Number of protein chains: 4
Amino acid sequence: MSSNWGNKVKFSLFGESHGAAIGGVIDGLPPGIELDIDFIKKEMDRRKPGADPYSTKRKEDDSFEILSGFFNGYTTGTPLAFIIRNQDNRSKDYSKLKDIMRPGHADHTGSIRYKGFNDYRGGGHFSGRITAPLVFYGAVAKQMLYDNYDIRILSRIKRISDVEDRELDHINADADDLSGVLSNKKIPVLDADKGRKMEEAIENAKNCLDSVGGIIECMAFNVPAGHGMPFFESLESKIAHLVFSVPATKGLEFGKGFEISKMKGSKANDSFYYDEDNRIKARSNNNGGILGGITNGLPVVFSTAIKPTASISTEQNTIDIKNKQNAKLAVTGRHDPCIVPRALPVIESCMSIALLELLLV
Amino acid sequence: MSSNWGNKVKFSLFGESHGAAIGGVIDGLPPGIELDIDFIKKEMDRRKPGADPYSTKRKEDDSFEILSGFFNGYTTGTPLAFIIRNQDNRSKDYSKLKDIMRPGHADHTGSIRYKGFNDYRGGGHFSGRITAPLVFYGAVAKQMLYDNYDIRILSRIKRISDVEDRELDHINADADDLSGVLSNKKIPVLDADKGRKMEEAIENAKNCLDSVGGIIECMAFNVPAGHGMPFFESLESKIAHLVFSVPATKGLEFGKGFEISKMKGSKANDSFYYDEDNRIKARSNNNGGILGGITNGLPVVFSTAIKPTASISTEQNTIDIKNKQNAKLAVTGRHDPCIVPRALPVIESCMSIALLELLLV
Amino acid sequence: MSSNWGNKVKFSLFGESHGAAIGGVIDGLPPGIELDIDFIKKEMDRRKPGADPYSTKRKEDDSFEILSGFFNGYTTGTPLAFIIRNQDNRSKDYSKLKDIMRPGHADHTGSIRYKGFNDYRGGGHFSGRITAPLVFYGAVAKQMLYDNYDIRILSRIKRISDVEDRELDHINADADDLSGVLSNKKIPVLDADKGRKMEEAIENAKNCLDSVGGIIECMAFNVPAGHGMPFFESLESKIAHLVFSVPATKGLEFGKGFEISKMKGSKANDSFYYDEDNRIKARSNNNGGILGGITNGLPVVFSTAIKPTASISTEQNTIDIKNKQNAKLAVTGRHDPCIVPRALPVIESCMSIALLELLLV
Amino acid sequence: MSSNWGNKVKFSLFGESHGAAIGGVIDGLPPGIELDIDFIKKEMDRRKPGADPYSTKRKEDDSFEILSGFFNGYTTGTPLAFIIRNQDNRSKDYSKLKDIMRPGHADHTGSIRYKGFNDYRGGGHFSGRITAPLVFYGAVAKQMLYDNYDIRILSRIKRISDVEDRELDHINADADDLSGVLSNKKIPVLDADKGRKMEEAIENAKNCLDSVGGIIECMAFNVPAGHGMPFFESLESKIAHLVFSVPATKGLEFGKGFEISKMKGSKANDSFYYDEDNRIKARSNNNGGILGGITNGLPVVFSTAIKPTASISTEQNTIDIKNKQNAKLAVTGRHDPCIVPRALPVIESCMSIALLELLLV
């Protein structure tokens, strides 16, 4: 029961990092959608290893195969199943890890949970690779949101380690300009200088055989007002459910999030007014576009904290559960000093999938 | 579809703030549980208006009536339905608000969403009052977790406005001592001095006809390791889904949360070791007791940001949607300058309900 | 997990026959529906004891109270909760039955299932009374189907004991004429003579302190073609799931059902043709209006077998589970010699609820 | 939303008959189950074309590939995904059928439902072939039920056309003897003579380019008492939901089913008694092992009516929806004169999957 999500569109996800294949089943897409296969490929390329110079050297071309629900270029309305074969399985890298627990990883917990039968290779079902199917579905969702509502979903890196990008005024930002600045960048930020400092931080970590984390900010523009439901099916709940399903996320805030809790109510409230064209405008967007679980027409904005990669080559103290004694571990193999750049399309997918659930008729 | 949650135990929730009654249906509780009705009452009393000197003057005794699933002091194993009658409905306070949108509230979005048919009185289904049924179920869950696993769930106020309580070392804390310090307090904190400053901040806000928000930290001790599932049914996902269903929450972080994103991997990882009694211990709990969606035996810890109460008596700028023009609004009626103290049992319920889903066999 | 149904509209049901109240929560109704409360009352009156001269003498007025989701005559779009108080609880009738198992009842199985904690009074959660909330929701569904699609749902008694009504040509029947013949009848049949024989059979059973069962045929006219989905969400699956949730149903067939299995394919197939007005017509409706799980525009027709009432006053052989020995039992109290007439609105509700799930946008 | 089933174990199913592959995802199997792959293969062989001399000449070896959730011979506890490649796709057989509607098929309804985008080849998602993944999961369920509870699931053909097998006394039958009589038979019946007559009926139909249907009876022995829940999650509801998901089923009855509706209550009730060894025995099993939705320890028995194959080579009258005129159709290609023998493992899978949902802890 760990891999089912959604109500109107049920998304089923499967696969271990070093098993035969990973994939998903999307059940509930309307018939007749002309899927942009190239767009899906591009989105998945953003996520895969090797997409940026800092990531792991593991080679996968992440090419997917659609098995059903798609015919002559259009969705058929029946369940759409797709798989991604695992090609580069250097299983030998992981054989020694069956009994030595890697700190920060789910090895120990997974061992207990699956009573020793879990696929321990490369993280098994816990691997970040399992986010690939999420990006596939997220890309489909993005296309549908754009084609039907003109909704634009963008993201940027707000912070790497202790280097922070500047603030962004979302309600006065232009989605196209923003897209021009952020798209196709190794490190998508607003302040190029901060961008360079972020690259240095990642490089340093790499040289020290260590890792760094960061914060991703995701935004959706042109989201129509009045969608969502209060309480259990609020938009924040849906987004949160997805974001915290992604490995390595440890925090999430909407709008001003934790900052709001310092403000006075008079300052925190986003007040509306009618402008000269009698259109409803807002003076602020502290609530990140969502009130009472329902969209209010302002950009939906959230930030999520990504912890530093747990797999590092630096020697660490840990335990040997087989012999029940303390041990040291230096993990070899291929590891990212920072997964934040690769996580961007994954986090955007959380936004697009949640919005699709909300807006699909 | 907004009021159903859970898989093993399905929880159905209903009610508008000023309708006849609010309530819930808990379907899936095993038979034979001797419910501690007094405990449920006490937990609900912590939430209701009037529980602390700062809250709204609305009088409700929140007494509940169990309609089914409970017989001779024991659960029957069939769906347990309960209701809480709404007694103090000063509907006249709200009649003028049908067309004037209250800033920070879901009035406008709700009007669009429900096409004018929403129950606008007092926030309708969006009201904080709808959390009462959640506390009922949360209390049942707490009892079951304690009786079966010895799990202790506690919470404290980490911050009100800009006043912060001191840090807490969770892995070396004693649940009983902590309970002694935090229970039955108006403002449960570790540092009594900070507690007094928090009271002053709330008092100030009240006098200024304004409001303040804060941060709640919730902890669960004695949680057995190895429970949970990766991805969509991770413990973080479940907790997050519940926390963001609660009105006024705008942020959530597990363990060190957003702080982790600043750390190096070597520092962030919680390393384990065997102590003299050959029991597994940890040097830190930056991950808040959860790794890869699965409990690791350390205390489960999360913090959530609560925004300042949206309803304030200070005059605010807003819009009149009927006449499509700008307007001013001074909300009268009964309003909390700070809902954080009353939100504590609600947030604890998010923890207990999520853990119950995880641990119920 | 026994009392949740539906996807677009989630229906939650609760209550024991002799508990405080029974009721339900309907979550997902669109806002703005002007519910016909009188119609709901009339439908529920058809089901309740005393509705016909043959049924049990238990007096209930089945009046319901709507607790939420309904305001000023319209649905609000939020969960609609309603309860029906249990008034006539002659609990003493049932106290001796705690250990003596009534043949044909769920006493023994329920005792095992609920480990002795089940509410044994009057059948507890197994009681036919639990169908009252189903009829409430079924009435709402009927109204929505009629208002939006002109769909007419009717039913008749095809058989009581060994007395059978004549055949009906559904595709050439007129819904209005049929309604005229069947509505407001004690025993709704086409052949009045057979109707009288059925009354006699029921009277005989009553005098012998025995009971009889029968077959109900349910029809839906004007169902638009092309709705439904193959496999798990086929219309037959939905109807079947609901029909077999109703106590006492033991068989279900669509169209010619078991008869079809005797036919040759050339005879069984419903062939279509264009008539003079170029409208699609059919030569037969052996498939009961559903092909491949999808409606084909012909009347949806199914029949369900209702077993004879299990509670009879005739002495029966059974077992005493407390003393582990054989025993005899003569059940006193109030029992129906035949529940088929009262089951008609319940079965119609299975049809309307399933169709609503299918057609709701 | 057509291809998801289950609560404790979620089963997701996908695929079109002539698409790249069909398959499924089973999410919720406990870890550590040593799957009997040979048994799964044998079960699937019973279903595939060519399994018996009467069926279609389409050649498929139905070999499956497990993509995840299975490692070193054991389930890992994570979602188990499997696919079956479609090899023999004589698509040209079906190209002329895009506009001519085949009587008895879902062509017309499917065309409306999927707005022209459905995969019309060979029945697309409606094809009987989509039952192959169901048999895979059914085989896994059978193994788990047998290994954990000693439950034996058998089936036989009760009728083909108008030829009926003799009655069976289920409560006095020996599962092993029965298995010996029924297993590995072309036409599994109790009376060999009737079996021969059934073969003749199928042969006749084949020669006439027509088809016949029949009735399958399915039985489960050693089912422990006290499992299931009343109402929406009753065992009958679960079985019915699955059975009516299978293409071509048009009727279902439990125990004596439609016959029960003719009986008096005194005869219909299954009375229990203590035998000499003080074990609970029953005098009859008219209820088919289920009372109030809960198992009572007697064999679970149901029968389902399978309609004659809709695809027949005899010329039929139908409509041409493109030109809106009447037309004649003689379907060429490969067609079964009777699918009943191949449907046996499919119907058994409905039994095993429903029981697994019930019994899985």
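What you see is a predicted model; the values in this text were computed from it and never measured.

## Concerning the environment of Arg47(B)
Residue and element names in this part refer to chain B.
Here's step 1: Examined against the element boundaries, Arg 47 turns out to sit in helix α1 (residues 37-47).
Here's step 2: For the pair Arg 47 and Gly 180, spaced 133 residues apart in sequence, the C-alpha separation works out to 20 Å.
Here's step 3: Those residues in contact with Arg 47 that lie beyond four places of it in its chain are Asp 62, Gly 128, Arg 129, Thr 131, Ala 132, Val 135, Arg 342, Pro 345 and Val 346.

## Comments concerning the packing of aromatic side chains
Here's step 1: If you walk through the whole model with that rule in mind, you get 30 aromatic pairs over all chains.
Here's step 2: With centroids separated by 4.7 Å and ring planes inclined at 45 degrees, the aromatic side chains of Phe11(D) and Tyr137(D) adopt a geometry described as tilted. Here the residue Phe11(D) occupies a position in strand β2 (residues 10-14), and Tyr137(D) occupies one in helix α3 (residues 132-149), the gap between them amounting to 126 residues.
Here's step 3: Looking at Phe11(D), the relative accessible area reads 1%, which means it is buried.
Here's step 4: Note on Tyr137(D): relative accessible area 0%, which makes it buried.
Here's step 5: A centroid spacing of 5.0 Å and a plane angle of 75 degrees characterise the contact between Phe231(D) and Phe232(D), whose relative ring orientation is edge-to-face.
Here's step 6: Take Phe231(D): its relative accessible area is 3%, and that puts it in the buried class.
Here's step 7: Take Phe232(D): its relative accessible area is 0%, and that puts it in the buried class.
Here's step 8: Grouping aromatic residues by their ring pairs yields a cluster made of Phe11(A), Tyr137(A), Phe231(B) and Phe232(B).

## Things to note about the interface of chain A and chain B
Frequently, the measure chosen for interface size is the accessible area removed from exposure when the parts meet.
Here's step 1: Listed as interface residues are 98 residues of chain A and, on the opposing side, 98 residues of chain B.
Here's step 2: Broken down residue by residue, the surface that chain A buries against chain B is led by Phe231(A), Phe232(A) and Lys250(A), which jointly contribute 11%.
Here's step 3: Counting across the interface, chain A meets chain B through two salt bridges.
Here's step 4: As a salt-bridge pair, Lys250(B) and Glu236(A) come within 3.6 Å of each other at their nearest N and O atoms.
Here's step 5: If you look at where chain A meets chain B, you find 32 residue pairs in polar contact (both at pLDDT 80 or more).
Here's step 6: Class assignment of the residues belonging to the side of chain A that touches chain B gives a composition of 42 nonpolar, 42 polar and 14 charged.
Here's step 7: Pairing geometry for strand β11 (residues 249-254) of chain A and strand β11 (residues 249-254) of chain B, over three bridges, is antiparallel. For Gly251(A), the partnering residue across the bridge sits in β11(B) and is Glu253(B).

## As for the interface of chain C and chain D
Here's step 1: Each side of the interface is counted separately: chain C has 98 residues, and chain D has 98 residues.
Here's step 2: Across the interface of chain C and chain D, roughly 8,000 Å² is buried in total on both sides, 63% from carbon and sulfur atoms.
Here's step 3: If you sort the residues of chain C by the area they bury against chain D, Phe231(C), Phe232(C) and Lys250(C) come out on top, with a joint share of 11%.
Here's step 4: Inspection of the chain C/chain D interface yields two salt bridges.
Here's step 5: The interface formed by chain C and chain D contains 31 residue pairs in polar contact (both at pLDDT 80 or more).
Here's step 6: Looking at side-chain class alone, the side of chain C that touches chain D contains 42 nonpolar, 42 polar and 14 charged residues.

## Remarks on the sheet that holds strand β10 (residues 214-221) of chain C
Here's step 1: Taken in spatial order, the 10 strands make up an open sheet running β9(C)-β8(C)-β10(C)-β16(C)-β11(C)-β11(D)-β16(D)-β10(D)-β8(D)-β9(D), and their pairing is antiparallel. Taken across any chain shown, the strands that pair with only one partner, and hence form the sheet edges, are β9 (163-164) of chain C together with β9 (163-164) of chain D.
Here's step 2: Alignment of strand β8 (residues 152-160) of chain D against strand β10 (residues 214-221) of chain D, held across eight bridges, turns out to be antiparallel. Residue pairing for β10(D): Ser155(D) is matched across the bridge by Cys218(D).

## Re the relation of the copies chain C and chain D
Here's step 1: The transformation that overlays chain C on chain D combines an axial shift of 0.0 Å with a rotation of 180 degrees, and the residual RMSD is 0.0 Å. The two molecules are tied by a two-fold rotation axis, judged by turn and shift.
Here's step 2: A shared binding surface is used by both copies, with 100% of the interface residues of chain C retained as interface residues in chain D.

## Regarding empty space enclosed by the protein
Remark: the empty space left among the atoms is shown by a probe the size of a water molecule rolled over them.
Here's step 1: Tallying each qualifying case throughout the model produces 10 cavities of 30 Å³ or more.
Here's step 2: Considering only enclosed or pocket space, the largest cavity measures out at about 1,400 Å³ in volume.
Here's step 3: The wall of the largest cavity is formed by 45 residues, among which Lys10(A), Asn7(B), Lys10(B), Lys10(C) and Lys10(D) lie closest to the centre.
Here's step 4: Per-element accounting of the lining of the largest cavity gives the leading share, three residues, to helix α6 (residues 235-243) of chain A.
Here's step 5: Of the residues that constitute the lining of the largest cavity, the class distribution is 12 nonpolar, 17 polar and 16 charged.

## Focus on the pattern of salt bridges
Residue and element names in this part refer to chain A.
Here's step 1: Counted under the stated rule, the structure contains 80 salt bridges over all chains.
Here's step 2: Among the salt bridges present, the one from Arg 196 reaches Asp 193, with a minimum N-O distance of 3.2 Å. Here Arg 196 pairs with Asp 193, and both are found in helix α5 (residues 192-207), just three residues apart, close to one helical turn.

## What about the UniProt feature "binding site: NADP(+)" (unreviewed entry) in chain A?
Here's step 1: Feature annotation in UniProt assigns "binding site: NADP(+)" (unreviewed entry) to the following positions: Arg47(A).
Here's step 2: Accessibility expressed as a relative area gives 3% for Arg47(A), which makes it buried.

## Quick look at the nonpolar core
Here's step 1: Counting residues in each nonpolar core, the largest one holds 147 residues, and the members touching the most others are Phe136(A) and Phe136(B).
Here's step 2: Residue contacts for Phe136(A): discarding those within four places in its chain leaves Ile26(A), Ile40(A), Met44(A), Phe64(A), Ile66(A), Leu80(A) and Phe82(A).

## Let's talk about the confidence of the model for chain A
Here's step 1: Of the residues in chain A, 81% have a pLDDT of 70 or more, and the chain-wide mean is 85.
Here's step 2: The ipTM, which scores confidence in the relative placement of chains, is 0.89 for this predicted complex, and the corresponding pTM is 0.88.

## Some words on α1(B)
Residues and elements named next belong to chain B.
Here's step 1: For α1, every residue scored as buried is listed here: Ile 40, Glu 43, Met 44 and Arg 47. For α1, the arc enclosing every buried residue in end-on projection is 95 degrees, short of the 170-degree limit, so these residues lie on one face. Exposed side of α1, more than 90 degrees from the buried face: Asp 38 and Lys 42 are the residues found there.
Here's step 2: Looking at the buried side of α1, the elements it contacts are β4 (64-66), β7 (80-85), α3 (132-149) and α9 (340-359).

## What about the pairing of strand β2 (residues 10-14) of chain B?
All names here are of chain B.
Here's step 1: Where burial is concerned, most of β2 is hidden: five out of the five residues are buried.
Here's step 2: Burial along β2 is two-sided: Lys 10, Ser 12 and Phe 14 facing one way and Phe 11 and Leu 13 facing the other are all buried.
Here's step 3: Adjacent in sequence and paired antiparallel, strand β1 (residues 4-5) and β2 are bridged by four residues, among which Gly 6 carries a positive phi angle near 105 degrees.
Here's step 4: Pairing of β2 with strand β3 (residues 21-27) involves five bridges; the strand directions are antiparallel. Bridge pairing links Phe 11 to Ile 26 in β3.

## Here's the deal with the sheet that holds strand β3 (residues 21-27) of chain C
Residue and element names in this part refer to chain C.
Here's step 1: Pairing in this open sheet of five strands is antiparallel, and the strands run β1-β2-β3-β7-β4 from one edge to the other. In this open sheet, the two strands that pair with only one neighbour each are β1 (4-5) and β4 (64-66).
Here's step 2: Along the sheet, helix α3 (residues 132-149) contacts β2 (10-14), β3, β4 and β7 (80-85); its crossing angle with β3, the most-contacted strand, is approximately 35 degrees.

## A few points about the packing of helix α6 (residues 235-243) of chain C against helix α9 (residues 340-359) of chain C
Residue and element names in this part refer to chain C.
Here's step 1: Running from amino to carboxyl end, α6 crosses α9 at an angle of 140 degrees, the nearest separation of the two axes being 9 Å. In this view, α6 runs oblique relative to α9, as classed from their interaxial angle. With respect to the hand of their crossing, α6 and α9 are arranged in right-handed fashion. Residue-level inspection shows Leu 235, Lys 238, Ile 239, Leu 242 and Val 243 of α6 in contact with α9, the latter providing Cys 350, Met 351, Ile 353, Ala 354, Leu 355, Glu 357 and Leu 358.
Here's step 2: Residues belonging to the contact of α6 with α9 are distributed by class as follows: 10 nonpolar, no polar and two charged.

## Notes on the side chain of Ser261(B)
Here's step 1: Inspection of the secondary structure puts Ser261(B) in the loop between α7 (257-260) and α8 (265-268).
Here's step 2: Judged by its relative accessible area of 0%, Ser261(B) falls in the buried class.

## With respect to the relation of the copies chain A and chain B
Here's step 1: Of the transformation placing chain A onto chain B, the axial shift is 0.0 Å and the rotation is 180 degrees, giving an RMSD of 0.0 Å.
Here's step 2: Counting the interface residues of chain A, we find that 100% of their copies in chain B are interface residues as well, pointing to one common contact surface.

## A short note on the packing of α3(C) against α9(C)
Residues and elements named next belong to chain C.
Here's step 1: Packing of α3 against α9 brings their axes to within 8 Å, and their N-to-C directions diverge by 55 degrees. Here α3 lies oblique to α9, going by the angle between them. Here α3 runs over α9; the crossing is left-handed. When α3 is examined against α9, the residues Leu 134, Val 135, Tyr 137, Gly 138, Ala 141, Lys 142, Met 144, Leu 145 and Tyr 149 are found in contact with a partner set consisting of Pro 345, Val 346, Glu 348, Ser 349, Cys 350, Ser 352, Ile 353, Leu 355, Leu 356 and Leu 359.
Here's step 2: Classifying every residue of the contact of α3 with α9 gives 14 nonpolar, three polar and two charged.

What counts as what
- Residues numbered from 1 in each chain as written.
- Chains lettered and ligands numbered in written order.
- Predicted model: local features only at pLDDT ≥ 70, side-chain atom pairs only at ≥ 80, totals over all residues.
- Heavy atoms only, no water.
- Helix = DSSP H or I, 4+ residues; strand = E, 2+ residues; numbered from the N terminus.
- Contact = heavy atoms within 4.5 Å.
- Phe/Tyr/Trp six-rings, centres within 6.5 Å; stacked < 30°, edge-to-face > 60°.
- Buried < 20%, exposed > 50% of the residue type's maximum accessible area, 1.4 Å probe, protein only.
- Buried area = accessible area lost by both parts, 1.4 Å probe.
- Salt bridge = Lys/Arg side-chain N within 4 Å of Asp/Glu carboxyl O.
- Polar contact = N/O pair within 3.5 Å; in protein donor to acceptor, adjacent residues only side chain to side chain.
- Nonpolar A, V, L, I, M, F, W, Y, C, P; charged D, E, K, R; others polar.
- Pairing = 2+ DSSP bridges.
- Least-squares fit on C-alpha atoms with pLDDT ≥ 70 in both.
- 1 Å grid on protein atoms, 1.4 Å probe; cavity = no way out; pocket = protein on both sides within 12 Å on 5 of 7 lines; lining within 4 Å.
- Points joined across faces, edges and corners; volume = space filled by probe spheres on them.
- UniProt positions renumbered as here; feature names shortened; annotations may be inferred.
- Core = buried A, V, L, I, M, F, W, Y, C linked by side-chain atoms within 4.5 Å.
- pLDDT = per-residue confidence, 0-100.
- Arc of directions from axis to C-beta.
- Axes fitted to C-alpha atoms, helices over the stretch in contact; angles between N-to-C directions.
- Parallel < 35°, antiparallel > 145°, perpendicular 65-115°, else oblique.
- Left-handed = near helix turned anticlockwise from the far one by under 90°.

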